[in-house]
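Here's the letter readout for the chains.
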Amino acid sequence: MVETTGGFTSAGLALEAKTLELPSLSQKEAIEIGEIALDLGFERSVPIAVEVRLKEWVVFHASLPGSTPDNDSWIARKARVVLATGNSTMFERVLAEEQGIDWYAVKGLPEETHAIHGGGLPLNVAGFGCMGILLISGLPQVQDHLLGVEVLTEFLARKGELP
């Protein structure tokens, strides 16, 4: 078994994505997702930037104290990966590690514009697939990903969508 970033497996991350599938995604709901991330960020005093998109349209963006303009560059690079694949950036990274491939070479996408670093999560809607993206930048990539999972879990819990 290949040791992967964060000890994740692609199968586990695929199951996680299925578990985090949303029943719907309106502009209002996308903003609510961003506000949950913002609240958690402020509660923990973490230096993150958060963005929520409906496809390529940015509907929520916040840069918390300690974040920098560089975080916006990371967000843009992570967003391009999710848009290109429909998968989380962590899934793409872990799958490439498991397969022992150079993701950028195989996909024909430059590292300068794409980042397979945790923190980019697709907002998958049941029956429609990837309809948006939650992006977090500023923590080590595993923590960026886990915070995104926590945000979506909280959103689904508020909607009564989790057991």
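Structure: above.
What counts as what
- Residues numbered from 1 in each chain as written.
- Predicted model: local features only at pLDDT ≥ 70, side-chain atom pairs only at ≥ 80, totals over all residues.
- Heavy atoms only, no water.
- Helix = DSSP H or I, 4+ residues; strand = E, 2+ residues; numbered from the N terminus.
- Rg over C-alpha atoms; globule rule 2.2 N^0.38 Å.
- Buried < 20%, exposed > 50% of the residue type's maximum accessible area, 1.4 Å probe, protein only.
- Pairing = 2+ DSSP bridges.
- Contact = heavy atoms within 4.5 Å.
- Polar contact = N/O pair within 3.5 Å; in protein donor to acceptor, adjacent residues only side chain to side chain.
- Expected span 1.5 Å × (residues − 1).
- Axes fitted to C-alpha atoms, helices over the stretch in contact; angles between N-to-C directions.
- Core = buried A, V, L, I, M, F, W, Y, C linked by side-chain atoms within 4.5 Å.

**Q** Now, about the overall build of the chain: what can you tell me, with residues and values included?
**A** In terms of regular secondary structure, the chain is built from six helices and four strands. The order of helices and strands in the chain, counted from the N terminus, is α-α-β-β-α-α-α-β-β-α. Its C-alpha radius of gyration of 15 Å places the chain within 12% of the 15 Å reference for a compact globule of 163 residues. The principal-axis extent of the C-alpha atoms belonging to the chain is close to 40 × 35 × 25 Å. When each of the 163 residues of the chain is scored for burial, the buried share is 48%.

**Q** Give me the pairing of strand β1 (residues 49-54): which residues, what numbers.
**A** Taken across its six residues, β1 has six buried, putting it largely inside the fold. Neither face of β1 is left uncovered, since the one carrying Ala49, Glu51 and Arg53 and the one carrying Val50, Val52 and Leu54 both have all their residues buried. Strand direction decides the pairing type here: β1 and strand β2 (residues 57-63), joined by six bridges, are antiparallel. Paired with Leu54 across the strands is Trp57, a residue of β2.

**Q** Please set out the environment of Thr113 residue by residue, giving values where relevant.
**A** Within the secondary structure, Thr113 is located in the loop between α5 (103-107) and β3 (120-125). Between the C-alpha atom of Thr113 and that of Glu43, which follows or precedes it by 70 residues, the distance is 31 Å. Excluding residues that lie within four positions of it along the chain, Thr113 makes contacts with Ala76, Arg77 and Arg80. A polar atom in the side chain of Thr113 sits 2.7 Å from the side chain of His114.

**Q** Give me the lowdown on helix α6 (residues 141-158), citing residues and values where you can.
**A** Relative to the 26 Å expected for 18 residues at 1.5 Å per residue, α6 spans 26 Å between its end C-alpha atoms, a close match to the ideal helical length. Burial in α6 covers these residues: Gln141, Val142, Asp144, His145, Leu147, Gly148, Val149, Val151, Leu152, Phe155 and Leu156. In this structure, the buried residues of α6 make contact with α1 (10-19), α2 (27-44), α3 (69-85), α4 (89-99), β3 and β4 (129-137). Just past α6, the residue Gly160 takes up positive phi, approximately 70 degrees.

**Q** Kindly report on the sheet that holds β1, identifying the contributing residues and their values.
**A** Ordered by their spatial adjacency, four strands build an open sheet running β2-β1-β4-β3, and the pairing between neighbours is antiparallel. For this open sheet the edge positions go to β2 and β3, each flanked by a neighbour on one side alone. Sheet twist, expressed as the average angle between the axes of neighbouring strands with direction ignored, equals 15 degrees. Sheet topology places β3 next to β4; six bridges connect them, and they run antiparallel. Across the sheet, the residue bridging to Asn124 is Cys130, located in β4. With respect to the sheet, α2 is in contact with β1, β2, β3 and β4, its orientation differing from that of β2 by roughly 15 degrees.

**Q** Describe the nonpolar core, and please don't skip the residues or the numbers.
**A** Counting 29 residues, the largest nonpolar core has Leu25, Ile33, Val52, Leu123, Leu134 and Val151 as the members making the most contacts within it. Elements with a contribution of two residues or more to this core: α2, β1, β2, β3, β4 and α6. Formed by seven residues, the second largest nonpolar core is a distinct cluster that contains Ile75, Ala79, Cys130 and Leu135.

**Q** I'd like to hear about α3, residue by residue, with values.
**A** Taking 1.5 Å of rise per residue, the 17 residues of α3 would be expected to cover 24 Å, and the 25 Å separating its terminal C-alpha atoms lies within 8% of that figure. By the burial criterion, the buried members of α3 are Asn71, Ile75, Arg77, Lys78, Ala79, Val81 and Val82. Immediately downstream of α3, the backbone of Gly86 shows phi near 75 degrees, a positive value.

**Q** For unusual backbone geometry, give the residues involved together with the corresponding values.
**A** Most peptide bonds are trans, and most residues other than glycine sit at a negative phi. With a phi angle near 55 degrees, Ser45 is a residue other than glycine that sits in the positive phi range. Among the secondary structure elements, Ser45 is positioned in the loop between α2 and β1. A relative accessible area of 64% places Ser45 in the exposed class.

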